[in-house]
Amino acid sequence: VEGPDLSQRLVLDGTSMGPFALRREATGADGELKCLLASLTFAMSTIEGFEFRVRDPSPLKERHDELGGCELQRLLNSPVAVGFFRPLPIPPLLLTMRTGCCGCVFAD
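Residues numbered from 1 in each chain as written. Predicted model: local features only at pLDDT ≥ 70, side-chain atom pairs only at ≥ 80, totals over all residues. Heavy atoms only, no water.

A. Representation of the layout of surface pockets. Of the pockets and cavities examined, the largest pocket occupies roughly 280 Å³. Taken together, Val1, Glu2, Arg9, Leu10, Val11, Leu12, Asp13, Thr41, Phe42, Ala43, Met44 and Ser45 form the lining of the largest pocket. For the lining of the largest pocket, a count of residues per class yields seven nonpolar, two polar and three charged. What lines the second largest pocket is Val1, Leu10, Leu12, Phe20, Leu22, Leu37, Leu40, Phe42, Leu60, Leu75, Val80 and Val82. In the lining of the second largest pocket, the residues fall into 12 nonpolar, no polar and no charged. (1 Å grid on protein atoms, 1.4 Å probe; cavity = no way out; pocket = protein on both sides within 12 Å on 5 of 7 lines; lining within 4 Å. Points joined across faces, edges and corners; volume = space filled by probe spheres on them. Nonpolar A, V, L, I, M, F, W, Y, C, P; charged D, E, K, R; others polar.)

So, in structure tokens, the structure goes:
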């Protein structure tokens, strides 16, 4: 998890559980505090056989821009999909057959 307003990068690797302290570095141009969650970006490690496609723009930013306010209350009440895993095409199976008697090969 990264964000322009965060003072550190947060790695969620499944070996530790929160709570995680998120610290804000900047404020808005008018000196007002911005929603920290709306500026978060997510980068997922790929799983073998899949590719990760991030939603762009982030659904947290999209909702914040549309509705305003802080995303924390909305995030507590409803989950958000920040992207999805798409299966990669399976390579074709190459098959060679040999006869048991003379070892002749039948290949395509």
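Now that the structure has been shown, the text picks up again.
B. View of the pattern of salt bridges. Using the criterion set out here, one finds five salt bridges in the structure. Asp65 is the partner of Lys61 in a salt bridge, and the nearest nitrogen-oxygen pair spans 2.8 Å. Taken as a pair, Lys61 and Asp65 lie in helix α1 (residues 59-67) at a separation of four residues, close to a single helical turn. Accessibility expressed as a relative area gives 38% for Lys61, which makes it partly exposed. A network of salt bridges, in which partner residues are shared, links Arg63, Glu71 and Arg74. (Salt bridge = Lys/Arg side-chain N within 4 Å of Asp/Glu carboxyl O. Helix = DSSP H or I, 4+ residues; strand = E, 2+ residues; numbered from the N terminus. Buried < 20%, exposed > 50% of the residue type's maximum accessible area, 1.4 Å probe, protein only.)

C. Looking closely at the nonpolar core. Counting residues in hydrophobic clusters, the biggest one holds six residues: Val1, Leu10, Cys35, Leu37, Ala38 and Leu40. Not counting residues within four places of it along the chain, the set of residues in contact with Leu10 comprises Val1, Phe20 and Leu22. (Core = buried A, V, L, I, M, F, W, Y, C linked by side-chain atoms within 4.5 Å. Contact = heavy atoms within 4.5 Å.)

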